[in-house]
Amino acid sequence: MPAVTARRSLAWAGYAASAWAAAYAIGVRGYQGLGGTLGLAGTFEDPAGMRQASLAAGAGILLVAVGALAFVRPWGLRLPRRLVIVPALIGSAYAVAHALTAYITKPLDAAGVIELHFHGWAQRDQTAQFLWDLCFYEPWFLGLGVLVTLGALHHHRRTGGSRKTERRLVAATVVVALALTAYAVALVVARS
């Protein structure tokens, strides 16, 4: 008889994903949406439009924070497993691809290999923008993708999911993230 190995609980990841998303939604998108300028590497042609877009993005990310609680709270067990896991893993793949695309294209632009186009800026400091993006914003997207994936795996486990399916979910998420990254990078390079 094969030895049964215990799997460490990933419940912490659901709470961490929720806190990570809420902190960004309120602390970054809310702050900038209300007029804060820290983290912005210039000024916008339409500052009011940028603030509205930031608030809208913050509202969407705040929904991620609430949704991540479905991984760990009792009410999440009342929802169909696929309704919780599938959108979460699609979102995780998107968040990771967002970060990976920037980690590839921004250094290529800085090295002069491609030329990225940034519309909507009245004035922009490229070095500051790239540093903020690569050292603050993109690590946030990458972290959110990892935390949501781990939280979704916890939900899969707590609802009786098998290890085989868990491995498939992880593999599918990685493949989708890499495919989205390749597609996005190809689009950026083609447009440069």
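Residues numbered from 1 in each chain as written. Predicted model: local features only at pLDDT ≥ 70, side-chain atom pairs only at ≥ 80, totals over all residues. Heavy atoms only, no water.

Participant: Honestly, the overall build of the protein chain in this entry has me stumped. Any pointers?
Facilitator: When helices and strands are tallied, the protein chain shows five helices and two strands. Reading the protein chain from its N end, one meets helices and strands in the order α-β-α-α-β-α-α. Buried positions account for 37% of the 192 residues belonging to the protein chain. Counted over contacts in the protein chain with a minimum sequence separation of 6, partners at least 24 positions apart contribute 78%. For the protein chain, the computed accessible surface area is about 10800 Å², with 68% contributed by carbon and sulfur atoms. Considering the protein chain, the positive charge centre built from 17 side chains and the negative charge centre built from 8 side chains are found 25 Å apart. (Helix = DSSP H or I, 4+ residues; strand = E, 2+ residues; numbered from the N terminus. Buried < 20%, exposed > 50% of the residue type's maximum accessible area, 1.4 Å probe, protein only. Contact = heavy atoms within 4.5 Å. Areas by Shrake-Rupley, 256 points an atom, 1.4 Å probe, with all protein chains shown as cover. Lys, Arg positive; Asp, Glu negative; His and termini not counted. Charge placed at Lys NZ, Arg CZ, Asp CG, Glu CD.)

Participant: Got a minute to help me understand helix α4 (residues 126-158) in this structure?
Facilitator: An α-helix turns once every 3.6 residues. As a result, residues three or four positions apart point the same way. Its 33 residues place the ends of α4 46 Å apart at the C-alpha level, agreeing with the 48 Å of an ideal helix rising 1.5 Å per residue. At D133, α4 shows its maximal kink, close to 40 degrees. For α4, the N-terminal cap is D125; the gap from its side-chain oxygen to the backbone nitrogen of T127 is 3.2 Å. Positive phi appears at G160, one or two residues downstream of α4, with a value of about 90 degrees. (Expected span 1.5 Å × (residues − 1). Bend = angle between axes of the 7 residues up to and from the residue. Polar contact = N/O pair within 3.5 Å; in protein donor to acceptor, adjacent residues only side chain to side chain.)

Participant: Help me understand the side chain of Q32, please; the structure alone is not making it clear to me.
Facilitator: Relative to the elements of secondary structure, Q32 occurs in helix α1 (residues 11-33). A residue is classified by how much of its surface remains accessible, and Q32, at 1% relative accessible area, is buried. Side chain to side chain, Q32 and R29 meet in a polar contact 2.8 Å long. Apart from residues no more than four positions distant in its own chain, Q32 is found in contact with L38, G39, L40, M50, R51, S54 and Y137.

Participant: Help me understand the packing of aromatic side chains, please; the structure alone is not making it clear to me.
Facilitator: Centre distance and the angle of the planes are the two values used to describe a pair of aromatic rings. Applying the stated criterion across every chain, the model contains nine aromatic pairs. With a centroid separation of 6.4 Å and an interplanar angle of 90 degrees, the aromatic rings of Y24 and Y137 are classed as edge-to-face. Remark: Y137 occurs in helix α4 and Y24 occurs in helix α1; sequence separation between them is 113 residues. As far as the burial class goes, Y24 and Y137 line up, both buried. Their ring planes at 80 degrees and their centres at 5.1 Å tell us that F136 and Y137 sit as a pair that is edge-to-face. Through successive ring pairs, a cluster of aromatic residues spans Y24, W132, F136, Y137, W140 and F141. (Phe/Tyr/Trp six-rings, centres within 6.5 Å; stacked < 30°, edge-to-face > 60°.)

Participant: Sorry if this is basic, but what is going on with the packing of helix α3 (residues 81-110) against helix α5 (residues 163-191) here?
Facilitator: Between two packed helices, the angle of one axis relative to the other and the distance separating the axes together describe the packing. Interhelical geometry of α3 versus α5 gives an angle of 40 degrees and a closest axis separation of 8 Å. Overall, the two elements α3 and α5 adopt an arrangement that is oblique. Where α3 crosses over α5, the handedness of that crossing is right-handed. Of α5, the residues touching α3 (which contributes I85, L89, S92, A93, Y94, V96, A97, L100, T101, I104 and T105) are L169, T173, V176, A177, L178, L180, T181, A184, V185 and V188. (Axes fitted to C-alpha atoms, helices over the stretch in contact; angles between N-to-C directions. Parallel < 35°, antiparallel > 145°, perpendicular 65-115°, else oblique. Left-handed = near helix turned anticlockwise from the far one by under 90°.)

Participant: Please explain a positive patch on the surface as it appears in this structure.
Facilitator: Together, R163, K164, R167 and R168 make up a positively charged patch on the protein surface. Within the fold, K164 resides in helix α5. (Patch = residues over 30% accessible without salt bridge, like charges linked within 9 Å, V, L, I, M, F, W, Y side chains within 5 Å. Salt bridge = Lys/Arg side-chain N within 4 Å of Asp/Glu carboxyl O.)

Participant: Is there a simple way to think about the layout of surface pockets in this case?
Facilitator: Over the atoms, a rolled probe matching the size of one water molecule traces out where space is still vacant. Estimates place the volume of the largest pocket at around 1100 Å³. Lining the largest pocket are 38 residues; nearest its centre among them are H98, K106, F118, D133 and E138. Of all elements in the fold, only α1, α2 (47-68), α3, α4 and α5 reach the threshold of two or more residues within the lining of the largest pocket. Ranked by residues supplied to the lining of the largest pocket, first place goes to α3 with seven residues. Of the volumes computed, that of the second largest pocket is approximately 350 Å³. Around the second largest pocket, the lining comprises 21 residues; the ones closest to its centre are V64, P87, A88, G91 and V148. Among the secondary structure elements, those contributing two or more residues to the lining of the second largest pocket are α2, α3 and α4. Considering every element that reaches the lining of the second largest pocket, the biggest residue donor is α3, with eight residues. (1 Å grid on protein atoms, 1.4 Å probe; cavity = no way out; pocket = protein on both sides within 12 Å on 5 of 7 lines; lining within 4 Å. Points joined across faces, edges and corners; volume = space filled by probe spheres on them.)

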